[in-house]
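Single-letter residue listing:
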Amino acid sequence: MKKLSAFVKERRKKVNLTQEEFAERAGVALTVVRKIEQGKTNMNLDKVNLVLRMFGHELAPTESKNMSK
């Protein structure tokens, strides 16, 4: 599974946008894009989802088959 940071950075570069341009289009602060691409873990999920919606994705809970009971 690709890390969120790599996914966002690769997709942003693929559409040829700077972090600043991307943040503006996604409707988030530049610091949000920077934190995501740096792999920071303490993020507001609403902001992360605004960024991911630019690519037609969102973060959501999923069932893990590896969870012990």
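Residues numbered from 1 in each chain as written. Predicted model: local features only at pLDDT ≥ 70, side-chain atom pairs only at ≥ 80, totals over all residues. Heavy atoms only, no water.

Draft legend 1. Looking closely at helix 2 (residues 19–26). When we look at burial in helix 2, the residues that qualify are Phe22, Ala23 and Ala26. Relative to the axis of helix 2, the buried residues are bounded by an arc of 100° and lie together on one face. Across from the buried face of helix 2, at angles greater than 90 degrees, the exposed residues are Glu20, Glu24 and Arg25. Where the residues of helix 2 are buried, they touch helix 1 (4–14), helix 3 (30–37) and helix 4 (45–53). Backbone geometry just downstream of helix 2 places glycine 27 in the positive-phi region, at approximately 80°. (Buried < 20%, exposed > 50% of the residue type's maximum accessible area, 1.4 Å probe, protein only. Helix = DSSP H or I, 4+ residues; strand = E, 2+ residues; numbered from the N terminus. Arc of directions from axis to C-beta. Contact = heavy atoms within 4.5 Å.)

Draft legend 2. Quick look at the packing of aromatic side chains. Inspection of the entire model under this criterion finds 2 aromatic pairs. Taken together, a centroid distance of 5.8 Å and an interplanar angle of 85° make the contact between phenylalanine 7 and phenylalanine 55 edge-to-face. Within this pair, whereas phenylalanine 7 is found in helix 1, its partner phenylalanine 55 is found in the segment after helix 4, the two being separated by 48 residues in sequence. Three or more aromatic residues joined by ring pairs make a cluster, and in this case those are Phe7, Phe22 and Phe55. (Phe/Tyr/Trp six-rings, centres within 6.5 Å; stacked < 30°, edge-to-face > 60°.)

Draft legend 3. Just the nonpolar core, in detail. In terms of nonpolar packing, the biggest core is built from 15 residues, with Val8, Phe22, Val28, Val32, Val33, Ile36 and Val51 touching the most fellow members. Broken down by secondary-structure element, the contributors of at least two residues to this core are helix 1, helix 2, helix 3 and helix 4. Not counting residues up to four positions away in its chain, the partners in contact with valine 33 are Gln19, Phe22, Ala23, Val28 and Val51. (Core = buried A, V, L, I, M, F, W, Y, C linked by side-chain atoms within 4.5 Å.)

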